[in-house]
Amino acid sequence: MARINVTVKLFAYFRENRFKISEQEIAPGTTVGDIVDSLDIDREEVGVLMINSRHTTFETPLEEANVLAIFPVVGGG
Amino acid sequence: MAEKIYRVNMTDLTSSIEDVPAAWAAHGGRGLTSTIVAAEVIPTCHPLGPNNKLVLAPGLLSGTVAANSGRLSIGAKSPLTGTIKESNAGGTAAQLFARTGVKAMIIEGQPKEDKWYSIAITPDEITITEETELIGRGNFATIEAVEARSEEKRAILTIGPAGEMRMASANVSVKDPDGGLRSNGRGGLGAVMGSKKIKFITVDPKGGKVEIANPDGFREANKTFAKALVDHPVSQALGQYGTNVLVNIVNESGGLPTKNFTLGQFDGHDAISGETMADTITQRGGKIKHNCHPGCVIQCSQVYNDADGNKLTSGFEYESIWAMGADCCVDNLDHIAEADRIMDDIGVDTIETSVAMAVAMEAGVLEFGDGAGVCRILKEEVGKGTSLGRIIGNGTGSVGKAFGMTRVPVVKNQAIPAYDPRAIKGIGITYATSTQGADHTMGYTIATNILNVGGKLDPLTKEGQVELSRNLQIATAAIDSTGMCLFIAFAALDDEKCLPALIDLINARFDLSLTGDDVVNLGKHILKTEREFNMKAGFTSIDDRLPEFFYTEPLPPHNVVFDFSDEEINTFWDF
């Protein structure tokens, strides 16, 4: 099956020794959790996940042209 | 040290130190300022006239070694909103007020002569002194001069030129441990202090200490409490990136109000983000972490240097950076920092003033994105009190009226802060129903709508938002009474040991046996007291609404409007 293209964005300290933004070609069916694991990010440290500016979960499969944003647990106000 | 009420009458320049009435004994911080304002201020009075009162109160735990207990509440009838107002800030004043034995300080009346004064508080004495030298000075010069007059370690509260000119966005500034400023920012309390002709207040406890009824229990509870705070990941992120870590996440969610609330995302977000700011601070030799008051274990404040390595500003907050940045489309962090410093110096609320500036930009006073122009207008117009400066200094609503604008983001005439209520619906309920005008801190649904703290609730659906806002507003009113920084709430929402430890601290401090239910009931009582004052001042449920454009102009990228019916909003008060 043809691979799909997604954009992955990292924030705060998740960027350290990784990247800020990356275009990735992935197999269809790859989930958000698969991407997090492939980046060697501890799922426990993940606070917020968004696809195309909507909150999502580790279990959600990515689709063509999705923008996935991965944030650690953060706060402010 | 026994706690007393320190009362100052500015009409006849007299003062008294009074016993605490039984009805006020269990209150502190916001609960106490709102109780006193409701009891003693005529709700229909003019906020800048002699019948308004400025009430200052440390929290129930202020002055103790309890972590993060250094918030000072100031209350009055607000000249900006016409409602009851409580605004709290860090700095050293809450702790030193408490150690002086001040349960609350009440300033009433108004001098008949056109003279300015300072007030000095010690445990045994209130001294009112005429002040001539520092009138017209900015906050930084005032603090420097007042510090130079005494070797004692005193708290200093000041107003800048904006407060002297009674602008409705004027704040009360509190010195932090390093001579920086923290601000009781919202609602124009600096104008109330200015209307009473008080340039500054000093507080010197003369070595006084707060008595603890059960010191061992207190120590134990504080250990558990501080550990809950330190261990929570949000506390750690706040230390590293400050509150400005929120720019990117709120932008990503599509709820970052941009270009006077016409867009939900800002192209320049990366340049003004917490990540960029942390890198810049490190490169320029500033401080990533900084205490706004001794005993804070989170340290969300920071020192931001200019390109030459000199301190430009501190306590550089997300809301200020959002307002001057995204809302005014300024993507230059140095311009925003410069504007932040000028606003601190002239003594205006950074949220109110910056949102006002964005409305002025839409009105054509200056171009969106003109950071240098913003700094010039702040210094030359607002700071000097020109006609334009007074229009801006009187807030967002004032600019909207003066220029005939319809997109004016205020509730009860107070500027809406850094989260768009169309894309983050829970916070819209807080803005609408807050007893004090639009204020994110009154019930911070962002935690649950965006940050997944204290559970998860989709920001774009209506379901559950009223209840979320209600629960948070009740809890916040209680926390605001303890002197605790609101940032303890992240740990309190997630760590089951945190809130019981906080209640244990209060019980050990006063020899009480409060339960969680008592704390919830306290929060409800405070909200109802505040609302009752507002109703007597002429407010109705019709005032609990957002401006029309939020209902009619869809916000990109989600293209959503605020779609709660009046009836749905009104259910907020069903408790």
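This report concerns the structure included in the present document. (Residues numbered from 1 in each chain as written. Chains lettered and ligands numbered in written order. Predicted model: local features only at pLDDT ≥ 70, side-chain atom pairs only at ≥ 80, totals over all residues. Heavy atoms only, no water.)

**Section: the overall build of chain A**
Quick reminder of the rule: Helix numbering and strand numbering both begin at the N terminus, where a helix is a DSSP run of H or I of at least 4 residues and a strand a DSSP run of E of at least 2. Values of the radius of gyration come from C-alpha atoms, whereas the globule rule sets the reference at 2.2 Å times the count of residues to the power 0.38. Exposure categories follow from relative accessible area, calculated using a 1.4 Å probe and restricted to protein chains: below 20% of the type maximum is buried, above 50% is exposed, and the middle band is partly exposed. Only heavy atoms enter the contact rule, under which two residues are in contact if any of them lie within 4.5 Å. Accessible areas in this description were obtained via Shrake-Rupley with a 1.4 Å probe; residue shielding takes into account the shown protein chains only. When charges are counted, neither His nor the chain ends are considered; positive counts come from Lys and Arg and negative counts from Asp and Glu. Every charge is mapped to an atom, namely NZ of Lys, CZ of Arg, CG of Asp or CD of Glu.
Helix and strand counts for chain A stand at one helix and five strands. Walking chain A from its N terminus toward its C terminus, one meets helices and strands in the order β-β-α-β-β-β. Since a compact globule built from 77 residues should have a radius of gyration of about 11 Å, the 12 Å found for chain A is in line with a globular shape. By its C-alpha atoms, chain A is 45 × 25 × 20 Å across when sized along the principal axes. The burial tally for chain A puts 55% of its 77 residues in the buried class. Contacts in chain A between residues far apart in sequence, at least 24 positions, make up 53% of those at least 6 positions apart. Carbon together with sulfur atoms contributes 47% to the accessible area of chain A, which is approximately 3800 Å² in total. For chain A, the distance from the average site of its 7 positive side-chain charges to the average site of its 12 negative ones is 7 Å.

**Re the nonpolar core**
Our working definition: Among the buried residues, those of types Ala, Val, Leu, Ile, Met, Phe, Trp, Tyr and Cys that are joined through side-chain atoms within 4.5 Å form a nonpolar core.
Within the largest apolar cluster, 108 residues are counted, with the highest numbers of intra-cluster contacts made by B:Leu246, B:Ile249, B:Tyr318, B:Trp322, B:Tyr419 and B:Leu451. If you tally residues by element for this core, the top one is helix H12 (residues 350–362) of chain B, at eight residues. Those residues in contact with B:Ile249, other than ones at most four positions away along the chain, are A:Val48, A:Met50, A:Phe71, A:Val74, B:Ile450 and B:Leu451. Residues B:Val102, B:Ile126, B:Leu189 and B:Val203 belong to the second largest nonpolar core, which totals 31 residues.

**Observations regarding the packing of aromatic side chains**
Our working definition: Each Phe, Tyr or Trp ring (for Trp, its six-membered ring) is paired with any other whose centre lies within 6.5 Å, and the angle between the two planes then decides the class: stacked below 30 degrees, edge-to-face above 60, tilted in between. Whether a charge sits over a ring depends on NZ of Lys or CZ of Arg being within 6 Å of the ring centre and within 35 degrees of the ring normal.
Considering all chains together, one arrives at 15 aromatic pairs over all chains under this definition. When the centroid spacing of 6.3 Å and the interplanar angle of 90 degrees are considered together, the rings of B:Tyr444 and B:Phe490 count as edge-to-face. Of this pair, B:Tyr444 sits in the loop between helix H16 (425–433) and helix H17 (446–449) while B:Phe490 sits in helix H19 (residues 488–494), placing them 46 residues apart in sequence. Of the two residues examined, B:Tyr444 and B:Phe490, each falls in the buried class. Here a set of aromatic residues connected by ring pairs shows up, and it is made of B:Tyr318, B:Tyr419, B:Tyr444, B:Phe487 and B:Phe490. The ring of A:Phe58 carries A:Arg43 above its face, with NZ or CZ at 4.8 Å from the centroid.

**What to know about the interface of chain A and chain B**
Note the cut-off: Accessible area that two parts lose when put together, with a 1.4 Å probe and added across both, is what the buried area reports. A side-chain nitrogen of Lys or Arg and a carboxyl oxygen of Asp or Glu constitute a salt bridge if their distance falls within 4 Å.
Counting residues at the interface gives 22 residues for chain A, matched by 30 residues for chain B. Taking both sides of the interface into account, the surface hidden between chain A and chain B amounts to around 2100 Å²; carbon and sulfur atoms contribute 58%. Applying the counting rule to chain A against chain B returns four salt bridges. The shortest N-O distance in the salt bridge between A:Arg54 and B:Asp458 comes to 2.9 Å.

**Observations concerning the side chain of B:Glu381**
Residues and elements named next belong to chain B. Filter applied, for reference: We define a polar contact as two N or O atoms separated by no more than 3.5 Å, with the added condition that, inside protein, one atom must be a possible hydrogen donor and the other a possible acceptor, whereas residues neighbouring each other in sequence contribute only through side-chain atom pairs.
Looking at where Glu381 falls in the secondary structure, it is placed in helix H13 (residues 371–382). Overall, the relative accessible area of 17% leaves Glu381 in the buried class. A distance of 2.5 Å separates polar atoms of two side chains, one belonging to Glu381 and the other to Thr386. Contacts of Glu381, omitting those with residues within four sequence positions, involve Arg376, Thr386, Leu388 and Gly389.

**A word on the packing of helix H1 (residues 29–40) of chain B against helix H21 (residues 516–536) of chain B**
Describing two packed helices takes the angle between their axes plus the distance from one axis to the other. All names here are of chain B. Put simply, the rule is: Note on definitions: angles span 0 to 180 degrees between N-to-C directions of axes, and those axes are lines fitted to C-alpha atoms, for helices only across the stretch in contact. Note on terminology: angles under 35 degrees are roughly parallel, angles over 145 are roughly antiparallel, angles of 65 to 115 are roughly perpendicular, and the others are oblique. Here a crossing is called left-handed whenever its near helix is offset anticlockwise from the far helix by less than a right angle, and right-handed whenever the offset is clockwise. Here the term charged refers only to Asp, Glu, Lys and Arg, the term nonpolar to Ala, Val, Leu, Ile, Met, Phe, Trp, Tyr, Cys and Pro, and the term polar to all other amino acids, Gly among them.
Interhelical geometry of H1 versus H21 gives an angle of 30 degrees and a closest axis separation of 10 Å. Accordingly, the angle class assigned to the pair H1 and H21 is roughly parallel. By crossing handedness, the relation of H1 to H21 is classed as left-handed. Every residue of H21 that contacts H1 at Arg30, Gly31, Ser34, Val37 and Ala38 is listed here: Ile526, Leu527, Thr529, Glu530 and Phe533. A breakdown of the residues in the contact of H1 with H21 according to their chemical character gives five nonpolar, three polar and two charged.

**A look at the sheet that holds strand S5 (residues 84–89) of chain B**
Residue and element names in this part refer to chain B. Under the convention used in this document: A strand pair is defined by DSSP finding two or more bridges across the two strands.
One open sheet accounts for six strands, arranged S2-S1-S6-S3-S4-S5; its pairing is mixed. The outermost strands of the open sheet, each flanked by one partner alone, are strand S2 (14–18) and S5. Neighbour to neighbour, the strand axes of the sheet diverge by 15 degrees on average, direction disregarded. Pairing geometry for strand S4 (residues 72–77) and S5, over six bridges, is antiparallel. Note that in S5 the partner of Ala76 across the bridge is Lys85.

**What to know about helix H2 (residues 93–100) of chain B**
Residues and elements named next belong to chain B. Along H2, seven of the eight residues are buried, which leaves the element largely enclosed by surrounding structure. Inspection of H2 places Ala93, Ala94, Gln95, Leu96, Phe97, Ala98 and Thr100 among the buried residues, and these make up the whole buried set. Gly101 occupies a position one or two residues after H2 and carries a positive phi of about 95 degrees.

**A look at the side chain of B:Arg186**
Locating B:Arg186 in the fold gives a position in the loop between strand S11 (181–184) and helix H5 (189–195). Within the local environment of B:Arg186, its side chain forms a polar contact with the backbone oxygen of B:Ala438, the two atoms lying 3.1 Å apart.

**Notes on the pairing of strand S6 (residues 102–108) of chain B**
Residue and element names in this part refer to chain B. Taken across its seven residues, S6 has seven buried, putting it largely inside the fold. When strand S1 (residues 4–9) meets S6, the two strands line up parallel, connected through six bridges. Bridging across to S6, Val8 finds its partner in Ile107. Sheet topology note: the strand S3 (residues 54–58)/S6 ladder contains three bridges and is antiparallel. Across the sheet, Leu54 pairs through a bridge with Ile107, a residue of S6.

**Some thoughts on the state of the cysteines**
So the rule is basically this: Working definition: a disulfide is two cysteine sulfur atoms within 2.5 Å of each other.
Evaluated as defined, the whole model comprises zero disulfides over all chains. Left without a disulfide partner, B:Cys292 is nearest to the cysteine sulfur of B:Cys296, which lies 6.2 Å away.

**Side note on the pattern of salt bridges**
Residues and elements named next belong to chain B. Summed over all chains, the structure comprises 42 salt bridges over all chains. One salt bridge in this structure joins Asp114 and Lys197, with 2.7 Å as the shortest N-O distance. Of this pair, Asp114 sits in the loop between S6 and strand S7 (116–121) while Lys197 is found in the loop between H5 and strand S12 (198–203), placing the two residues 83 residues apart along the sequence. Classification of Lys197 as buried rests on a relative accessible area of 12%. In this structure, a network of salt bridges that share partners links the residues Arg7, Glu18, Glu40, Lys53 and Glu108.

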